Amino acid sequence: AGVKSFRSLWNVLEGRSSLRDPVQISEELNTYAFHLVQGNGIYAETSEESTSKFKAKGNMKSTTKQFVLRLSKFLGLEEEHAFDLFKRYLMDEYRGSRSQLQAVISCERFGSALMVKIMDYYFEERLTVYECLKHLFIFWQDPRHPYRGEYKDFIESQFADKEEKFVKQLMLQYQSCYLQRAPTCETHGEAMTVRLSGRWAVQLLKEQSSLLEVLLLYYRDFQMPAETLVNSTRLFQAQVFGARQLNKHLFSTSVNELINYIGCLQMLIVIEGLDIDWILASMESSSIGQHHIIQSPEHCQELDQLFSGWGDLHHHGPILLSWAVLRLLTGDSLAAKISKRIGVKALQSGAIQRLLLSLHLKQFKTDSAIGLTAKSVIHILTSVNLIAFDESSLGESANLLIAVLTETLAAKHLCASFWATDVKSGLGAVLASSQARFPFQFDPFVRLLTSLSTHMTGAYKVMEYLKSLTLFSQPFNESRPGDDIDITSDEQVWQVTTPRVVCRSGSIEVPSIVVPVGVLGRVDTTETGQQVIVWEFSYSGWHLFLLEMDALLHAVNLGTDINSLPIVSRAVDIISLLCQIVSSDYSLTEPLNPVLQRVYATLQKFGPSHNPPVRLLEVCLKCISAVAKIRPKQTWLYLQQTGFLPHTTASSISQGMEVSPSNFGHILSIKERPCGQYPITVATLDLLATLVKGLRKNSMAQPDNDTSLGDCPVDLVASVLFVVHDVFGSFHRWRYVDIKDRDVLGHMSLEIFQLALIHGKAKDDFDSSLAGLLTHGLLYSEASQALLNIIATGVDVIDTVVAQQTSESEVRGLNLVLLIKKAFQVIIQLLKSTGEEVSVMEQALSSLMVDRPSSAAIQFSNGAVGSVHIVSVIASYIHHHQDPELPTLSTQLLKRLCLASPMSMYGCLGSEEDGSSVRDSYVLRLDARTADVGLKISILEFLACAVETQPGLIELFLDLKLVASTDSTSQHDIEKFDIGRNSCLSAVLSLVTSNPGKLPLELVCAAFKFLESLWKNRKDAALAAIRSRDHFWESVVGPLMLDLPQQARDDHYRVVSHALHIVALEVFYVAEGRVDASLCDVLKDFTRDDRFQYWTQALQPIDSSAVQGVSDQCRLYLLQSWRTFVLVSVNCQPSVFGLNSRETKRSLLDCLLTSLRVQVSMDISPYCIAACEELASLYSCILRNWIETMASPLDTLGEIVKILDCALNQDQRIIANIKKATFSACILLLQQLQRTHDEEECRPAVKLLHIVTSLLQQAAFVDSSRPLKDLVIDLFLIEMLVKYLPAPVIWLPVLNENSTLLFLIQILDTSLKNRTDVEFADAVLHLFLSISTFYDVASSLTLLGIHQSLCLSLRRDEAPQGGGAS
């Protein structure tokens, strides 16, 4: 079957694909089982036999065969594997047009360029297999992972019982990478240049590091056999722990870090293989001597001999230290001698320093699985060493050991483990010894506490620990015996005779630290030979920190050079500790408030300095940002007093926004921009983002005319606008020592903008002013061009940056992708905030040309660099595969442009080949089984918009072909449309027609929405091609045949809504008798299974808990779709639906009426009001057609009267919305009834008359602004009720009770005088004419003055016009 694509498996494991069911995950893993075990060993090298066999194949074009042969030689792969790789590349990465593929591969120049692209793809595939293995080994024991069970079963079946085979395969692959020489033009053809050979050599290094990472994770969970340990150690020693590389002549200096990383991984694998953690776990039991290596004497002796010759490499030290501990704790007296000799050699070779340098590597400083595993291995090693050896025996390495623990304990799980054990022994002894040197050695102790506070429990314990310190160290020369100190009988022990100040206060608020009388102190010598005296008394570390901070603030008053003072370093450590405690546990902010106040004061003091302490200000800002996450309002008030952030000089927004840069702008201009380093700017942007997020709904906003706007909200707006104009508008032109800082600054600026725009939808003054000014600033300043420049970067630039990275730890490519993604998010949000009108940004996106070649131009043309439309660049992000969110966002922007910009997007894509290339990539991503679901949904939504607004573009994506066929009736040849090979319809139909239960519901919903757009916009050619597909209509109607689940979601409702619309539009458009037979069959099944009744009832569930997870918008959309569907089924072609039975019609009418009654009785909400209107309208329309099916019109009239009465008591908005429809239904029902004298049968009509007259009265006195023509139906209904009721004695009192007749006469008189509301006047006259036949009514009308109103109005009508005589 060939070699499978590991990228597809990676997408599945990451949860991006449509395969999300655990059973599907298990099946996918089993499919890849052989490939995962074999790894890159599955790729075979080319040989004469494989070449001859491939040449003999006859079912292949000659150009393709020749290209595969060239590719096989270029990559050194067997021809069949090269052909598989070529096909996978065409499916996953190819950026050209399929129509020109043969021309490309037959051209020497373009073919060579294509082979380089395939080589990059091949390299990525080789690394991805190891990423998949690492993913499995990371999460197979993680109970939080959704597929932990599937991973566990797979690993236990494939690796646990086949350890020797798997590890042997990995080691063979590693040796192959280590011993393989980079190809040259002599061995791999002329296309293999020196530059490509260098890239191949770097790829071999990446594979070595990936293989070692897999081994490290594997042996984290499985025990390494003694024989494997010996062999691995010899192999790593032979490679000089990564330093001996056969291709070193091809390396640049940038790969030195990767080589060092390889050596550290080898070192950690050997240490992990020694199973030191087993020793730690079995210390308290008697089984410590049963260590599996000690139980193998021959291997143990072999390791003794091997390690005895070590010591000349830095990587030897930690391994020797591990072996020394192992031999000491698990052996006899002879082993102790060996241990002592090896331990000394380990310290001489810098074991502790090597561990510290390893922890400083970029790969180990992160919280990745590899980083955490490395910290755990080193932490366990140091823990066992502290148990085995006394700390004093380490000599000068003791401080390094504290530094190592500081790095390892920064991992939260290790920090929690430290506090869960006895802190008085082991690692606790290191904490105690560092406290004994405090504050003489200030940094080690405080930094160790900072690491110990990374966990929530640790933060609280560190705070409590600092409250009661017992040892205080001073330099010996500051504690001479004298008036206040006596020497005891032991010359090394001194005693305080009078109170002694050891840390003096500079203010009366905080007292000095005083050593009480009688306290003893011991003279001691540090590891570096310095003498100190350690006083033993109780004091608070927080008290000392306050004094240190006050001393720092006092130093500025003395006019000293702050950068040269050691106190700055101590202040940085104090504030870093404070920041870590607050970040870990926000509840500790209040007790630490005195120290926090000094942080604000420090920012205020040193901000205006011409040579500010950068590191100090940076940690101050980080600490304030941590506090702002929980107390944004208070933080903002304190920050304003510091004068650090930009502020406005105007008293209100209406006076204009003049921004003062303040201290931040000063530092940026005189310090950071000239130096090219921006730590303060990064910290300030992070603080602003926190404040914008925290203050967005704060009640501190005031109206624009309030003079108090000079404080918080307006100044925050000023700070954000400063970022817009002075940071983001020009950041791309600044100087940078590290270019990745540019991407970080841009990303953080955009993060602030996004937060402000997203939360600017609120109607309060603060949000609206910030969002409005920010929108204006981003659209009408340099920031607008900066945004466009970012998204115009292009996928080719990203690929180039990623290809130049020598290791995965380099984040330049990642930062660039994050920057572009954030720019897309901000632009999309900006365009949403501009409303319906075309904004300046959209105009630029519609016309901007950028100097960048398209991918197709590079591969198919002469390679000239020219201008392309920015839409083409945006669309080209579909070729990016590393982060699916980037093409998703670019597609969402294209969707927005489809809706807002009057342009031809198809023309913006460039040539026909460029358009086809983009189309093919979109279709392939849509059709790929393992492509990101979010991307697929965005593509479908984009295409749905293109159907309506982009006719040329959608024709490109539909790719319909005319094919000849024979008409079954006339036997003549005809042409009809069919789906082309590159059409998006094939992918869409596969989503609709496949098993819906195995696909994400939101993806199926998007596919249905796209199909609905085709029917709405009458794409007849596409519809004809779709209808011809087998089982299409069964798939469309399928969701309608299923009941809604108990816990339905929005997407359940949307799928049903789209399906209803598709069927309704199909029946509506197609002429009678020409509806597809398969659709007729499924619709008749729909009716036969009582689905009409089900959906009518399901739309208004009596139990509201059934729709808790569904939005009102989706419920209303489904109700509207159902209304359309039912109206089409009733009015257009009832026979298609099989609606011929009177019982079915009657049942549907009853269900609708029941649903209306249920909805009217629900709690009032916007959805309730709209749903009542939809149901009432639908019932009235159906009743008009099916009135003859009514079994008892009188009973139905009674039900409607009850509904109206309930609505009248509920809310006037409901009755206003359902009145027309329900009154129309009542009129229809009354027309079916004959006048009755039965009092019981008259009651519904009398009640209805009461309702109608009360509504008329309400219209007269409450809602007088309502148009009178809306009341015409009320009069018609009154007329019908009068005709139905037997005598005036029944209905006349009702009319008189509400003064209905008087009201109508008055309105009639006004209408006739003003010559307005003719329809209403006509209806009134009709009513009077009908009821005046009764004597009592005629008398009432006469008494109310009907004659005067009519006669005077008629007289005016007869008055002569112009100047004639009367």
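Residues numbered from 1 in each chain as written. Predicted model: local features only at pLDDT ≥ 70, side-chain atom pairs only at ≥ 80, totals over all residues. Heavy atoms only, no water.

A. Molecular detail of the overall build of the chain. From N to C terminus, the chain includes 67 helices and 13 strands. Along the first, second and third principal axes, the C-alpha atoms of the chain reach 135 × 95 × 65 Å. Of the contacts formed within the chain by residues at least 6 apart in sequence, a portion of 74% connects residues at least 24 apart. Here the chain displays about 57,100 Å² of accessible surface, and carbon together with sulfur accounts for 51% of that area. With 119 positive and 149 negative side-chain charges, the chain shows a spacing of 3 Å between the two charge centroids. (Helix = DSSP H or I, 4+ residues; strand = E, 2+ residues; numbered from the N terminus. Contact = heavy atoms within 4.5 Å. Areas by Shrake-Rupley, 256 points an atom, 1.4 Å probe, with all protein chains shown as cover. Lys, Arg positive; Asp, Glu negative; His and termini not counted. Charge placed at Lys NZ, Arg CZ, Asp CG, Glu CD.)

B. Here's a closer look at the layout of surface pockets. By volume, the second largest pocket is sized at about 1,200 Å³. Taken together, 39 residues form the lining of the second largest pocket, with T450, S451, S576, Q580 and R615 sitting closest to its centre. Looking at the lining of the second largest pocket, the elements with two or more residues in it are helix 21 (369-388), helix 22 (397-408), helix 25 (442-452), helix 28 (566-584), helix 30 (614-628) and helix 33 (679-695). Residue classes in the lining of the second largest pocket are distributed as 15 nonpolar, twelve polar and twelve charged. (1 Å grid on protein atoms, 1.4 Å probe; cavity = no way out; pocket = protein on both sides within 12 Å on 5 of 7 lines; lining within 4 Å. Points joined across faces, edges and corners; volume = space filled by probe spheres on them. Nonpolar A, V, L, I, M, F, W, Y, C, P; charged D, E, K, R; others polar.)

C. Highlighting unusual backbone geometry. Between F438 and the following residue, P439, the backbone shows a cis peptide bond with an omega angle of 0°. Here P439 is to be found in the loop between helix 24 (427-436) and helix 25. One non-glycine residue, D959, lies in positive phi territory at about 50°. Take D959: it is sitting in the loop between helix 47 (951-958) and strand 12 (960-966). Look at D959 and you get buried, because its relative accessible area is 10%. Not every positive phi belongs to a glycine, and D1090 is a case in point at roughly 60°. (Buried < 20%, exposed > 50% of the residue type's maximum accessible area, 1.4 Å probe, protein only.)

D. Geometry of the environment of A33. Topologically, A33 is positioned in helix 3 (residues 33-38). By relative accessible area, A33 is classed as buried at 9%. A33 sits 124 residues away from S157 along the chain, and the two C-alpha atoms are 9.8 Å apart.

E. Structural detail: helix 54 (residues 1091-1098). Taken across its eight residues, helix 54 has six buried, putting it largely inside the fold. The set of residues buried in helix 54 consists of R1091, F1092, Q1093, W1095, T1096 and A1098. At its buried positions, helix 54 is contacted by helix 52 (1050-1069), helix 53 (1077-1088), helix 55 (1112-1131), helix 56 (1134-1137) and helix 57 (1142-1160).

F. Representation of the sheet that holds strand 7 (residues 531-539) within the structure. Across the sheet, five strands lie side by side as 1-7-6-3-2; this open sheet has antiparallel pairing. At either margin of the open sheet sits one strand with a lone partner, and together these are strand 1 (469-475) and strand 2 (485-487). Pairs of neighbouring strands in the sheet enclose a mean axial angle of 35°, with direction left out of account. Across five bridges, strand 6 (residues 520-525) lies against strand 7 in antiparallel orientation. In the strand pairing of strand 7, D524 is matched with V532. Sheet strands in contact with helix 24 are strand 1 and strand 7, and its direction is about 45° off that of strand 1. (Pairing = 2+ DSSP bridges. Axes fitted to C-alpha atoms, helices over the stretch in contact; angles between N-to-C directions.)

G. Highlighting the packing of aromatic side chains. Enumeration over the complete set of coordinates arrives at 58 aromatic pairs. On the basis of an interplanar angle of 50° and a centroid distance of 5.1 Å, the ring pair of Y600 and Y638 is categorised as tilted. Residue Y600 is located in helix 29 (residues 593-606), and its partner Y638 is located in helix 31 (residues 632-642); the two are separated by 38 residues in the primary sequence. Members of the aromatic cluster, joined through ring pairs, are F137, W140, F154, F159, F166, Y218, Y219 and F222. When the ring centre of F442 is taken as origin, the NZ or CZ atom of R570, which lies over that ring, is 6.0 Å away. (Phe/Tyr/Trp six-rings, centres within 6.5 Å; stacked < 30°, edge-to-face > 60°. Lys NZ or Arg CZ within 6 Å of the ring centre and 35° of its normal.)

H. Representation of empty space enclosed by the protein in the model. Following the criterion strictly, the structure yields eight cavities of 30 Å³ or more and no others. Approximately 60 Å³ is the volume found for the second largest cavity. As for the second largest cavity, its lining consists of M91, D92, E93, Y94, I878, H879, H881, S921, L924 and R925. Contributions of two or more residues to the lining of the second largest cavity are made by helix 6 (79-92) and helix 45 (912-927). Considering every element that reaches the lining of the second largest cavity, the biggest residue donor is helix 45, with three residues. Class assignment of the residues belonging to the lining of the second largest cavity gives a composition of four nonpolar, three polar and three charged.

I. Main features of the nonpolar core. If you look at the biggest cluster of nonpolar residues, it comprises 433 residues, and the most contacted ones within it are L36, L845, F1010 and F1125. If one sorts the elements of this core by residue count, helix 58 (residues 1166-1186) sits on top with 13 residues. Discounting residues that sit within four places of it in the chain, L36 has contacts with F6, L9, L29, V129, C132, L133, L136, F154 and F166. With 36 residues, the next largest nonpolar core counts V3, V104, Y121 and L204 among its residues. (Core = buried A, V, L, I, M, F, W, Y, C linked by side-chain atoms within 4.5 Å.)

J. The side chain of T635, seen in detail. The residue T635 is located in helix 31 in this model. Here T635 is in contact with Y600, I624, V627, A628 and L691, once residues within four sequence places are set aside.

K. Seen up close, the packing of helix 48 (residues 984-993) against helix 49 (residues 1001-1016). Between helix 48 and helix 49, whose axes approach to 9 Å, the crossing angle comes to 125°. Viewed along their axes, helix 48 and helix 49 adopt a mutual orientation that is oblique. As helix 48 packs across helix 49, the resulting crossing turns out to be left-handed. Contacts between helix 48 and helix 49 pair C984, L985, V988, L991 and V992 from the former with L1003, V1004, A1007, F1008, F1010, L1011 and L1014 from the latter. By residue class, the composition of the contact of helix 48 with helix 49 is twelve nonpolar, no polar and no charged. (Parallel < 35°, antiparallel > 145°, perpendicular 65-115°, else oblique. Left-handed = near helix turned anticlockwise from the far one by under 90°.)

L. Up close: the packing of helix 57 against helix 59 (residues 1193-1210). Relative orientation of the contacting elements helix 57 and helix 59 amounts to 20°, with a least axis distance of 9 Å. Comparing their axes, helix 59 and helix 57 come out roughly parallel. The handedness of the crossing between helix 57 and helix 59 is left-handed. Residues L1153, L1156, R1157 and V1160 of helix 57 pack against T1196, E1199, I1200, I1203, C1206, A1207 and Q1210 of helix 59. Of the residues belonging to the contact of helix 57 with helix 59, the class tally is seven nonpolar, two polar and two charged.

M. Geometry of the side chain of S1129. You can see S1129 is positioned in helix 55. By relative accessible area, S1129 is classed as buried at 0%. A polar contact of 2.6 Å, which involves the side chain of S1129, links it to the backbone oxygen of V1126. The contacts of S1129, once residues within four sequence positions are left out, are F1092, P1134, F1137 and L1139. (Polar contact = N/O pair within 3.5 Å; in protein donor to acceptor, adjacent residues only side chain to side chain.)

N. Region of the structure containing the state of the cysteines. The tally for this structure, following the rule as stated, stands at zero disulfides. Free of any disulfide, C177 has its nearest cysteine sulfur in C132, 17 Å distant. C675 takes part in no disulfide bond, and the closest cysteine sulfur, belonging to C620, lies 19 Å away. (Disulfide = S-S within 2.5 Å.)

O. Region of interest: the confidence of the model for the chain. Looking at the chain as a whole, its pLDDT mean stands at 86, while 90% of the residues score no less than 70. The element-level mean pLDDT for the chain is lowest in helix 41 (residues 855-860), coming to 42, with helix 30 highest at 95. For the stretch residues 762-767, pLDDT sits under 50, and the model shows 15 contacts to residues farther than four places along the chain or on other chains. Below a pLDDT of 50 lies the segment residues 1361-1366, which in the model reaches one contact outside its immediate sequence neighbourhood of four places, other chains included. (pLDDT = per-residue confidence, 0-100.)

P. Region of interest: the environment of V1337. If you trace the backbone, V1337 turns up in helix 66 (residues 1335-1343). Residue classification places V1337 among the buried positions, given a relative accessible area of 0%. Separated by 1197 residues in the primary sequence, V1337 and W140 place their C-alpha atoms 89 Å from one another. Apart from residues lying up to four places away in sequence, V1337 is in contact with P1288, W1291, L1292, I1331 and S1332.

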